[in-house]
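Letter by letter, the chains look like this.
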Amino acid sequence: MSVLSPLFLPLIPVILLNALSANISAQTFHTLDYDTPAYVDLELSEITAPSSERTIPINLYRTGDFRQSTTIEFATVEGTAEEGRDYKGTGGTITFKPGEGYKTLFIEILTNQFEDEKAFQVKLTASSTSTVLLRDTVEVTLKPVPKPFSPVTLSISRDADGTIRLSWEGNSSYVLERSSDPASTDWETIPCSPTVTQGHCEVTQSPDGSFHAYRLRGP
């Protein structure tokens, strides 16, 4: 029967210790693998809506860890749209409770008197390192609402002394013009007296013995 040489005995505890260390290391890595963050994302990066809308909904989704609450901060940021005039500035905290994956916040629109498009942003900020924002900004663009067509009527009358009186009702963006030659492109703008008020214009022309044609020109 062979006998192990004493020279090999000191190696046995070293080999066992190395194997034990490998087990501990593998177990530690396995535990960290389950430390999943909460992922919060905006439904859209851009939202376009008519300025006639009274509120703009903004949807958010949470994925990843559902086991605990997740909080994020939000705030509106001015662009070409002005806070307090075009929309109501707001900000605060959104909280996803355990098990919740969907939230909506609403931005109030204050006016629809836009000639051109106007825009502002809503920005998100993560409250902790356990929350990851996939998108942190949505841009909201408000489109002007087309003005309804307003018919225009022009009335002309002459007084006994020859004074010409003109009045018209309708869209205040129309302009009254006159020309001594209707076939020409030389038309003179006749301002209202004193101004156009709610689509109503009054004009008085003193007689000067000349012929004039009158017209209303739209925008």
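Not measured: the values here are computed from a predicted model.

## Quick look at the nonpolar core
Part 1: Formed by 23 residues in total, the largest nonpolar core has its most connected members in Ile 58, Leu 60 and Phe 120.
Part 2: Among the secondary structure elements, those contributing two or more residues to this core are β1 (38-42), β2 (46-50), β3 (55-64), β4 (70-77), β5 (91-96), β6 (102-108), β7 (118-126) and β9 (137-143).
Part 3: In this structure, Phe 120 is in contact with Thr 76, Val 77, Gly 79, Ala 81, Tyr 87, Ile 107, Ile 109, Val 138, Glu 139, Val 140 and Leu 142, ignoring residues within four places of it in sequence.
Part 4: Counting residues in hydrophobic clusters, the runner-up holds six residues, among them Ile 164, Leu 166, Ile 190 and Tyr 214.

## Comments concerning the sheet that holds β6
Part 1: Taking strand neighbours across the sheet as the criterion, the four strands line up as β6-β3-β1-β8 in an open arrangement whose pairing is mixed. This sheet does not close on itself; its edge strands, each paired only once, are β6 and β8 (131-133). The average undirected angle you get between the axes of adjacent strands in this sheet is 25°.
Part 2: The sheet contact formed by β3 and β6 spans seven bridges and is antiparallel. Residue Ile 58 lies in a different strand from β6, and its bridge partner there is Leu 105.

## With respect to the sheet that holds β4
Part 1: In spatial order, the strands read β2-β9-β7-β4-β5; together these five strands make up an open sheet with mixed pairing. The open sheet has two free edges, formed respectively by β2 and β5, since each of these has just one partner strand. Taken pair by pair, the neighbouring strands of this sheet meet at an average axis angle of 25°, ignoring direction.
Part 2: By the bridge criterion, six bridges tie β7 to β9 in an arrangement that is antiparallel. Its bridge partner lying in β9, Phe 120 is registered against Val 140.

Analysis parameters
- Residues numbered from 1 in each chain as written.
- Predicted model: local features only at pLDDT ≥ 70, side-chain atom pairs only at ≥ 80, totals over all residues.
- Heavy atoms only, no water.
- Core = buried A, V, L, I, M, F, W, Y, C linked by side-chain atoms within 4.5 Å.
- Buried < 20%, exposed > 50% of the residue type's maximum accessible area, 1.4 Å probe, protein only.
- Helix = DSSP H or I, 4+ residues; strand = E, 2+ residues; numbered from the N terminus.
- Contact = heavy atoms within 4.5 Å.
- Pairing = 2+ DSSP bridges.
- Axes fitted to C-alpha atoms, helices over the stretch in contact; angles between N-to-C directions.

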